[in-house]
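# Per-entry structural report
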Amino acid sequence: MAAAALAGVLALAGCAKDSGNTGSNNAAPQDQGSQQTCATAPAPPAAAPAASSSADAGEKVDASALRVGLAYDVGGRGDASFNDAAAAGVDRAKAELGVKDANESTATASESEDSKAQRLTQMATAGYNPIIGVGFAYAKAVEAVAPKFPNVKFAIIDDDSVKAPNVTPLVFAEEQGSFLAGVAAVYKSKSCHIGFVGGVDTPLIQKFEAGYLQGAKAASSKVKIEDEYLTPAGDISGFNDPGKGNIKAKAQIDKGADVIYHAAGASGKGVFDAAKASGKAKAIGVDSDQYNQKNVAEVKDVIMTSMIKRVDVAVFEYIKAVAKNDLSQLPKRFDLKVDGVGYSTSGGMVDDIKAILDGYKQQIIDGKIQVSDKPQK
């Protein structure tokens, strides 16, 4: 995502003012004649071209001896989102690092903690090492199982609560990538009315919500935002219920929202379906570049961008680090600075605002904009 040139100057005082607390969710919607009249903040200054790095160029790592265990969250491979991103990381490790043996198993919506622990135990007993828990739902299971297998390396995505020498957290700055999604929504909304659909109301998904709200408000003091979840904390069915996602998104579109961002896993397909059926709304995907996901190919024309959470990169880099027997070089958090999060450009629907998005991205990297991981409503 190399930055494009952009003319425009933003005073530091203005930047501070527009870093996330302007505007109100209850502002009246505007009847916009063009897609950019919703934005009220000055565009950020142009970002400098990204410097290329060749630190790892030509490095050959052999991971053929590793037997990788991948314990999916609800939805598993084929969810066109979070789990598929993890799968892509393992697939890349097979192609580039020579991994030959990878065992995959998927959680069910109603399974117990014991079932998750049993899944990890079976993998460890069978000789899989490393073992990756895909999602915070595996935190308790990893905490229980890892001490029993001190010579097995475990990683857990989206959780850093497990403190054990053989456990590596793979966590992300979802709020930073979601900030850019909020900016994109404002610039592409014709009604100055946008929406957010979260899968399950948890601290993790609140990070997506927080960044999206802050980014939208940074770009516009006029924007109206619909902001809802499919299920409360404890009910993880919100990540695997496209029907419910469709109903919620349709309701937001009926209220006037014309850009909907989802952070709802497999339920996001329902959001895309609702946007497509409306004939007027666009949607923002999450985790993977959903425009290119086969499972949602029939509705890709409404997916204007996706907030990329590079779970694939984190999984690949973790496997690579294990193969090198050196975990010290892994980022503590996969954020914008290390391209751990970002946005997609597939389909060309945000090409005209790419310079603006990259300008905001650079300001976050430089620390001029601090993105909160707690929603400010």
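A few points on the structure. Just so it is clear, the model here is predicted, and its values are computed rather than measured. (Residues numbered from 1 in each chain as written. Predicted model: local features only at pLDDT ≥ 70, side-chain atom pairs only at ≥ 80, totals over all residues. Heavy atoms only, no water.)

## Quick notes on the overall build of the protein
Across its full length, the protein holds 10 helices and 11 strands. Taking as baseline every contact in the protein between residues at least 6 positions apart, the subset at least 24 positions apart corresponds to 74%. Approximately 15,200 Å² of the protein is accessible, and the part contributed by carbon and sulfur atoms is 49%. (Helix = DSSP H or I, 4+ residues; strand = E, 2+ residues; numbered from the N terminus. Contact = heavy atoms within 4.5 Å. Areas by Shrake-Rupley, 256 points an atom, 1.4 Å probe, with all protein chains shown as cover.)

## A short note on the nonpolar core
Ranked by size, the top nonpolar core spans 94 residues in total, and within it I132, I157, F179, F208, Y261, I319 and Y360 carry the most contacts. Each residue touching I132, except ones within four places of it in the same chain, is listed here: V68, G69, L70, A71, A155, I157, V315, Y318 and I319. (Core = buried A, V, L, I, M, F, W, Y, C linked by side-chain atoms within 4.5 Å. Buried < 20%, exposed > 50% of the residue type's maximum accessible area, 1.4 Å probe, protein only.)

## What about the environment of R67?
Tracing the chain through its elements places R67 in strand β1 (residues 67-72). Residues R67 and V99, spaced 32 residues apart in sequence, show a C-alpha to C-alpha distance of 7.2 Å. When near neighbours in sequence (up to four residues on either side) are disregarded, R67 contacts D101, A126, G127, Y128, N129 and P130. Looking at R67, its side chain comes within polar contact range of the side chain of D101, at 2.7 Å. (Polar contact = N/O pair within 3.5 Å; in protein donor to acceptor, adjacent residues only side chain to side chain.)

## Observations regarding the sheet that holds strand β10 (residues 303-309)
Judged by pairing direction, the sheet is mixed, and its six strands sit side by side in the order β7-β6-β8-β9-β10-β11 without closing on themselves. Sheet topology places β7 (224-231) and β11 (341-343) at the edges, where each strand pairs with a single neighbour. On average, each strand axis in the sheet is inclined to that of its neighbour by 15°, with strand direction left out of account. Where strand β6 (residues 193-200) lies against strand β8 (residues 259-263), five bridges are found, and the strand directions are parallel. Among the inter-strand pairings, G198 is bridged to a residue of β8, identified as A263. Against the sheet, helix α6 (residues 203-219) touches β6, β7, β8, β9 (282-287) and β10, its axis set at about 170° to β6. (Pairing = 2+ DSSP bridges. Axes fitted to C-alpha atoms, helices over the stretch in contact; angles between N-to-C directions.)

## Details of helix α9 (residues 311-324)
Residues three or four positions apart in an α-helix share a direction because the helix packs 3.6 residues into each turn. The end-to-end C-alpha distance of α9, which contains 14 residues, comes to 20 Å, matching closely the 20 Å that a straight helix rising 1.5 Å per residue would cover. Those residues of α9 not exposed but buried are V311, A314, V315, F316, Y318, I319, K320, A321 and V322. Contacts from the buried residues of α9 go to β1, α2 (82-97), β3 (131-133), β4 (154-157), β5 (167-170) and β10. Count one or two residues on from α9 and you reach N325, which has phi positive near 60°. (Expected span 1.5 Å × (residues − 1).)

## Some remarks on the pattern of salt bridges
For the coordinates displayed, the defined rule picks out 20 salt bridges. Across the pair K207 and E174 runs a salt bridge whose closest N-O atoms are separated by 2.7 Å. Here E174 lies in helix α5 (residues 174-188) and K207 lies in helix α6, a separation of 33 residues in the sequence. With respect to burial, K207 and E174 carry one shared label: buried. Ionic pairing is found between K276 and D301, a salt bridge with its closest N-O pair at 2.9 Å. Of the two residues, K276 is situated in helix α8 (residues 268-278) and D301 in the loop between β9 and β10; the sequence distance between them amounts to 25 residues. On the basis of relative accessibility, which here comes to 37%, the residue K276 falls in the partly exposed class. Among the residues examined, D301 registers a relative accessible area of 37% and is labelled partly exposed. Salt bridges sharing partners connect three or more residues here, namely D158, E174, K207 and K309. (Salt bridge = Lys/Arg side-chain N within 4 Å of Asp/Glu carboxyl O.)

## Here's the deal with the state of the cysteines
A covalent bond bridging the sulfur atoms of two cysteines is what the word disulfide describes. Under the counting rule described, the total for this entry stands at one disulfide. For C38, the disulfide goes to C192, at an S-S distance of 2.1 Å. With the S-S dihedral at roughly 65°, the linkage between C38 and C192 falls on the right-handed side. Of this pair, C38 sits in the loop between α1 (12-17) and β1 while C192 sits in the loop between α5 and β6; the two residues are 154 residues apart in sequence, bridging distant segments of the chain. Each member of the pair, C38 as well as C192, is classed as buried. (Disulfide = S-S within 2.5 Å.)

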